[in-house]
Amino acid sequence: MAWILLLVAGLLEVGWSVGLRFTDGFTRLWPSVGTGAGIVASMLLLSYAARTLPIGTAYGVWVGIGAAGAAVAGMTLLGEPVTAARIFFIGLLLVAVVGLKATSGH
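The model shown is predicted, which means the values in this text are computed figures rather than measured ones. (Residues numbered from 1 in each chain as written. Predicted model: local features only at pLDDT ≥ 70, side-chain atom pairs only at ≥ 80, totals over all residues. Heavy atoms only, no water.)

Engineer: Help me understand the environment of valine 61 in this model?
Structural biologist: Tracing the chain through its elements places valine 61 in helix H3 (residues 55–77). When the C-alpha atoms of valine 61 and leucine 46 are compared, they prove to be 9.9 Å apart, with 15 residues separating the residues in sequence. Other than its neighbours up to four places away in sequence, valine 61 contacts Trp3, Leu6, Val97 and Leu100. (Helix = DSSP H or I, 4+ residues; strand = E, 2+ residues; numbered from the N terminus. Contact = heavy atoms within 4.5 Å.)

Below you can see the structure in the form of structure tokens.
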């Protein structure tokens, strides 16, 4: 169950990080409310997952999902540049996430 919570927390991190773009420096009410709610929910789920999983693994996986997901969302939804180097490094992030899960002992 902790891994599911962590996956959802990582996906929420993607959502709030992309949502930051629409808050206009937290001056727009509803995008700011949605982004804030995503931050709180993501952190809560991370904290629940960290009750069971080692914190280094939980945090690393959470950050990896968020970073890779935000980069992919930026390229696919927000028109950010798609380059071979970016794809390569996103792949490395995903390899690291899988490696952390595989070696966590859970």
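Engineer: Before we go on, may I ask you to explain the pattern of salt bridges in this structure?
Structural biologist: Pairing between side chains of opposite charge can happen when their charged atoms approach one another. Applying the stated criterion to the full structure yields one salt bridge. For arginine 86, the salt bridge is made with glutamate 80, and the minimal N-O distance between the two is 3.5 Å. A residue is classified by how much of its surface remains accessible, and arginine 86, at 28% relative accessible area, is partly exposed. The exposure class of glutamate 80 is partly exposed, given its relative accessible area of 29%. (Salt bridge = Lys/Arg side-chain N within 4 Å of Asp/Glu carboxyl O. Buried < 20%, exposed > 50% of the residue type's maximum accessible area, 1.4 Å probe, protein only.)

Engineer: Honestly, the environment of arginine 86 in this entry has me stumped. Any pointers?
Structural biologist: Tracing the backbone through its elements, the reader meets arginine 86 in helix H4 (residues 84–102). Each C-alpha atom, one on arginine 86 and one on isoleucine 39, is 25 Å from the other, the two residues being 47 residues apart in sequence. With residues up to four places along the chain from it excluded, the contact list for arginine 86 reads Ala71, Met75, Glu80 and Pro81.

Engineer: Honestly, the confidence of the model for the protein in this entry has me stumped. Any pointers?
Structural biologist: Detailed reading of predicted coordinates is not advised where the pLDDT is low. When the pLDDT values of the protein are averaged, the result is 96; 99% of them are 70 or greater. Here H4 stands out as the least confident element of the protein, with mean pLDDT 94; helix H2 (residues 29–49) is the most confident, with 98. (pLDDT = per-residue confidence, 0-100.)

Engineer: For this particular structure, what's the right way to read the packing of helix H1 (residues 2–23) against H2?
Structural biologist: Packed helices, taken two at a time, are described by the angle between their axes plus the distance between the axes. With their axes 8 Å apart at the nearest point, H1 and H2 run at an angle of 155° to one another. Judged on the interaxial angle alone, H2 and H1 are roughly antiparallel. Handedness of the H1/H2 crossing: left-handed. Judged by residue contacts, Ala2, Leu5, Leu6, Val8, Ala9, Leu12, Glu13, Trp16, Gly19, Leu20, Phe22 and Thr23 of H1 engage Pro31, Ser32, Thr35, Gly38, Ile39, Ala41, Ser42, Leu45, Leu46, Tyr48 and Ala49 from H2. (Axes fitted to C-alpha atoms, helices over the stretch in contact; angles between N-to-C directions. Parallel < 35°, antiparallel > 145°, perpendicular 65-115°, else oblique. Left-handed = near helix turned anticlockwise from the far one by under 90°.)

Engineer: Can you help me understand the packing of H3 against H4 in this one?
Structural biologist: The interhelical angle for the contact between H3 and H4, taken along N-to-C directions, is 155°, at an axis separation of 9 Å. Judged on the interaxial angle alone, H4 and H3 are roughly antiparallel. For the crossing formed where H3 meets H4, the hand is left-handed. Contact residues: H3 offers Thr57, Gly60, Val61, Gly64, Ile65, Ala67, Ala68, Ala71, Val72 and Met75, while H4 offers Arg86, Ile87, Ile90, Leu93, Leu94, Val97 and Leu100. Within the contact of H3 with H4, the residues separate by chemical class into 13 nonpolar, three polar and one charged. (Nonpolar A, V, L, I, M, F, W, Y, C, P; charged D, E, K, R; others polar.)

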